[in-house]
Amino acid sequence: MDVKKTTTSTGFKLSVMTLAIMNVTAVVSLRGLPAEAVYGLSSAFYYLFAAIVFLIPTAMVAAELAAMFSTKQGGVFRWVGEAYGARTGFLAIWLQWIESTIWYAVSIAFIGMNDVHDAALASNKVFTLCMVLAIYWIATFIALKGLGWVGKISKWGGMIGTIIPAGLLILLGIIYISTGGHNHMDMSQGFFPDLSKFDNLVLASSIFLFYAGMEMMGIHVMDVKNPAKNYPKAIIIGSLVTVCIFVLGTFSLGFIIPAKDISLTQSLLVGFDNYFHYLHMSWAGPIIAIALMFGVLAGVLTWVAGPSKGIFAVGKAGYLPPFFQKTNKNGVQKNILLIQGCVVTLLALLFVVMPSVQSFYQILSQLTVLLYLIMYMLMFSAAIVLRYKMKNTERPFRLGKSNGLMWFLGCLGFCGALLAFVLSFVPPSQIATGSNTVWFSVLIIGCVVVVGAPFVIYALRKPSWKDPQAAAEFAPFHWEEQAKAVPAAAAGSVSASTGSSSAGSQQNTPNTK
């Protein structure tokens, strides 16, 4: 990595450990652990594989792009738009926003206090629907209060509801095994999975979404001392801690719950309840349930407020109708947040028509994976394209002196995302998803509709959509600047040529007087 002396950064500098902890807090979520616990020891292979081919490339490529455009708004819209044009850039930011909206419509599938009653409640579609809507709308109303509220609740919720429970779950697993508890995990599977069973890879492909969000950490690349050395170090430390939490947390659930009894929607709390029962600490079950609920709220709040703010900024530059540009007295994008809530509500209502809560959870979870992976493939390929389209542009943080490292990491991330994208279409054998026709229909139609929507919106955009002040703050793309420069240069050339011709004519005209 090569870092030039002229950098854009704030006065405050993050330490390596601070940035590493920020990475862990932004990425780690415990809700998906049950989905991988069914794989036993081989779950570790999937976590490590996804970290190598996706997590690290995402973080490093995003760091170069974020540093390259550190003074310009837009995020992934800017990165992809500079490479492929504004229309494709709008698709990228749209996918990042809509994916988070769909994801949180299905990610809160179980909240409760007692494993006996929870088993019945988790299968009760009305209860699940009510909890999903309650959590999401509470998060939405908090987001409308402004960034101060969002920051405080996200910070404390992340610690209380994610970091601490993750450490406790791992500690409980260690105590359980070391004191002679019965290990329910099938140790015969081994570390390497049976790749001959193609459909068994489908659930594992969703692990890529576990690491989603690392591209957002790239905005801090210039806030680290000596970024060429310390940013990669922070990413590696954060990635190792993240992988350890996922691997050991998954193992801890596998130790206490037989694979055949693992449920995507309820096994996290059941695992805690079983450990507390083993240690004669059943009173701690309600406490951890409340903590996890607070963590879920913080996670939802972070993603409710984050991507919506990105697409709001792009919308004010003229890519969304004025209705989506409205703010409240706190300067918060109120209409976008309310639209998000309505979409979540509509999707949550579909719980009542699916064969089971788990089948709906899995189908829409796979849809979010597909949508987000399209965005990532655009990002990885755009980073490579920009090495040639904008080869002379300053890169305060650069992956390698030549283009070799960018090609390697970009292609590695792109191929990893493409692999997960293909696998996500195959129905998993471990879960009753109902009709295969429904499965493929939801995924294919869902992708076509969501991917097509931004192109329709882009085609219908009008000059009146632009907020003059916001448009002035939104720097033009490099290709827009070049397009303006060419006519100006041509006009200057014509003017100079005309002037020269006129002067020459005057010099060569004989004196008739």
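Since this is a predicted model, take the numbers as computed values, not measurements. (Residues numbered from 1 in each chain as written. Predicted model: local features only at pLDDT ≥ 70, side-chain atom pairs only at ≥ 80, totals over all residues. Heavy atoms only, no water.)

## Digging into the overall build of the protein chain
Scanning the protein chain from N- to C-terminus turns up 18 helices and zero strands. Within the protein chain, the proportion of its 513 residues that are buried is 54%. Nonlocal contacts in the protein chain, meaning residues at least 24 apart in sequence, comprise 83% of its contacts between residues at least 6 apart. Of the roughly 22,200 Å² that the protein chain leaves accessible, carbon and sulfur atoms contribute 68%. (Helix = DSSP H or I, 4+ residues; strand = E, 2+ residues; numbered from the N terminus. Buried < 20%, exposed > 50% of the residue type's maximum accessible area, 1.4 Å probe, protein only. Contact = heavy atoms within 4.5 Å. Areas by Shrake-Rupley, 256 points an atom, 1.4 Å probe, with all protein chains shown as cover.)

## Observations concerning helix 15 (residues 404-423)
An ideal rise of 1.5 Å per residue puts 28 Å on 20 residues; helix 15 measures up with 28 Å between its terminal C-alpha atoms. When helix 15 is considered as a whole, its buried residues turn out to be Met406, Leu409, Gly410, Gly413, Gly416, Ala417, Ala420, Phe421 and Leu423. (Expected span 1.5 Å × (residues − 1).)

## What about the packing of aromatic side chains?
The full count for this structure, using the stated rule, is 23 aromatic pairs. When the centroid spacing of 5.7 Å and the interplanar angle of 75° are considered together, the rings of Phe45 and Tyr46 count as edge-to-face. Note on Tyr46: relative accessible area 7%, which makes it buried. An aromatic cluster is built from Phe77, Phe90, Trp94, Trp97, Tyr319, Tyr458, Phe477 and Trp479, whose rings are joined through pairwise contacts. Against the face of Tyr458 rests Arg461, its NZ or CZ located 3.8 Å from the ring centre. (Phe/Tyr/Trp six-rings, centres within 6.5 Å; stacked < 30°, edge-to-face > 60°. Lys NZ or Arg CZ within 6 Å of the ring centre and 35° of its normal.)

## Concerning the layout of surface pockets
In this structure, the second largest pocket occupies an estimated 360 Å³ of space. In terms of lining, the second largest pocket is formed by 17 residues, of which the most central are Ala317, Gly318, Tyr319, Lys466 and Glu480. Elements with a minimum of two residues in the lining of the second largest pocket: helix 12 (284-319) and helix 18 (478-508). Split by residue class, the lining of the second largest pocket holds 11 nonpolar, one polar and five charged. (1 Å grid on protein atoms, 1.4 Å probe; cavity = no way out; pocket = protein on both sides within 12 Å on 5 of 7 lines; lining within 4 Å. Points joined across faces, edges and corners; volume = space filled by probe spheres on them. Nonpolar A, V, L, I, M, F, W, Y, C, P; charged D, E, K, R; others polar.)

## Points about the environment of Asn328
With respect to the element layout, Asn328 can be found in the loop between helix 12 and helix 13 (334-349). Residues contacting Asn328, with those up to four places away along its chain left out, are Leu144 and Lys334. Here Val332 takes part through its backbone nitrogen, which lies 3.0 Å from a polar atom of the side chain of Asn328. (Polar contact = N/O pair within 3.5 Å; in protein donor to acceptor, adjacent residues only side chain to side chain.)

## Some points on a positive patch on the surface
On the surface, Arg87, Arg461, Lys466 and Lys484 cluster together into a positively charged patch. Inspection of the secondary structure assignment puts Lys466 in the loop between helix 16 (436-460) and helix 17 (468-473). (Patch = residues over 30% accessible without salt bridge, like charges linked within 9 Å, V, L, I, M, F, W, Y side chains within 5 Å. Salt bridge = Lys/Arg side-chain N within 4 Å of Asp/Glu carboxyl O. Lys, Arg positive; Asp, Glu negative; His and termini not counted. Charge placed at Lys NZ, Arg CZ, Asp CG, Glu CD.)

## Regarding unusual backbone geometry
The phi dihedral of His280 is positive, around 60°, even though this residue is not glycine. In this structure His280 comes out as exposed when scored by relative accessible area, which is 71%.

## A word on the packing of helix 11 (residues 267-278) against helix 12
In the contact formed by helix 11 and helix 12, the axes pass within 9 Å of each other and the chain directions differ by 150°. One way to sum up the angle between helix 11 and helix 12 is to call them roughly antiparallel. The crossing of helix 11 and helix 12 is right-handed. Contacts between helix 11 and helix 12 involve Leu268, Leu269, Phe272, Asp273 and Phe276 from the former and Ala284, Gly285, Ile288, Ala289 and Leu292 from the latter. Its residues assigned to classes, the contact of helix 11 with helix 12 comprises eight nonpolar, one polar and one charged. (Axes fitted to C-alpha atoms, helices over the stretch in contact; angles between N-to-C directions. Parallel < 35°, antiparallel > 145°, perpendicular 65-115°, else oblique. Left-handed = near helix turned anticlockwise from the far one by under 90°.)

## Observations concerning the pattern of salt bridges
One pass over the full model with this rule turns up three salt bridges. A salt bridge links Glu64 to Arg395; its shortest N-O distance comes to 3.2 Å. With a gap of 331 residues between them, Glu64 in helix 3 (residues 42-68) and Arg395 in the loop between helix 14 (357-389) and helix 15 connect regions that are remote in the sequence. For Glu64, a relative accessible area of 1% translates into the label buried. For Arg395, a relative accessible area of 1% corresponds to the buried category. Residues joined in a network through salt bridges with shared partners are Glu64, Arg387 and Arg395.

## Considering the environment of Phe54
For Phe54, the location among the structural elements is in helix 3. Classification of Phe54 as buried rests on a relative accessible area of 1%. Each C-alpha atom of the pair Phe54 and Cys415 lies 8.9 Å from the other, and the pair is 361 residues apart in sequence. Setting aside its immediate chain neighbours within four residues, Phe54 contacts Phe208, Tyr211, Leu373, Tyr376, Phe380 and Ala417.

## Focus on empty space enclosed by the protein
Scanning the model with the defined rule gives three cavities of 30 Å³ or more in all. In this model, the second largest cavity occupies a volume close to 50 Å³. The wall of the second largest cavity is formed by Ala37, Val38, Gly40, His184, Met185, Asp186, Gln189, Gly254, Ile257 and Ala259. Its residues placed into classes, the lining of the second largest cavity shows five nonpolar, four polar and one charged.

## Some points on the packing of helix 3 against helix 15
Running from N to C, helix 3 and helix 15 point in directions that differ by 130°, and their axes come no closer than 8 Å. Taken together, the axes of helix 3 and helix 15 lie oblique to each other. Note on packing geometry: the crossing formed by helix 3 with helix 15 is left-handed. Along the contact surface, helix 3 presents Phe49, Ile52, Val53, Phe54, Pro57, Met60, Val61 and Glu64, while helix 15 presents Met406, Leu409, Gly410, Leu412, Gly413, Gly416, Ala417 and Leu419. Split into classes, the residues belonging to the contact of helix 3 with helix 15 amount to 12 nonpolar, three polar and one charged.

## Quick look at the nonpolar core
The biggest cluster of nonpolar side chains holds 126 residues, and the ones touching the most others in it are Phe54, Val61, Phe90, Leu95, Tyr211 and Tyr319. Ranked by residue count, the leading element in this core is helix 14, at 19 residues. For Tyr211, the contacting residues outside a window of four places in its chain are Val27, Tyr47, Ala50, Ala51, Phe54, Leu55, Thr242, Val243 and Phe246. With 21 residues, the next largest nonpolar core counts Leu129, Ile135, Val150 and Val300 among its residues. (Core = buried A, V, L, I, M, F, W, Y, C linked by side-chain atoms within 4.5 Å.)

## Let's talk about the confidence of the model for the protein chain
The predicted coordinates should not be examined in detail at positions where pLDDT is low. Residues of the protein chain with pLDDT of at least 70 account for 78%, and the chain-wide mean is 78. Counting interchain partners and residues more than four positions distant, the pLDDT-below-50 stretch residues 2-10 has 23 contacts. Confidence drops under pLDDT 50 across residues 501-513; counting only partners more than four residues distant or on other chains, this segment forms zero contacts. (pLDDT = per-residue confidence, 0-100.)

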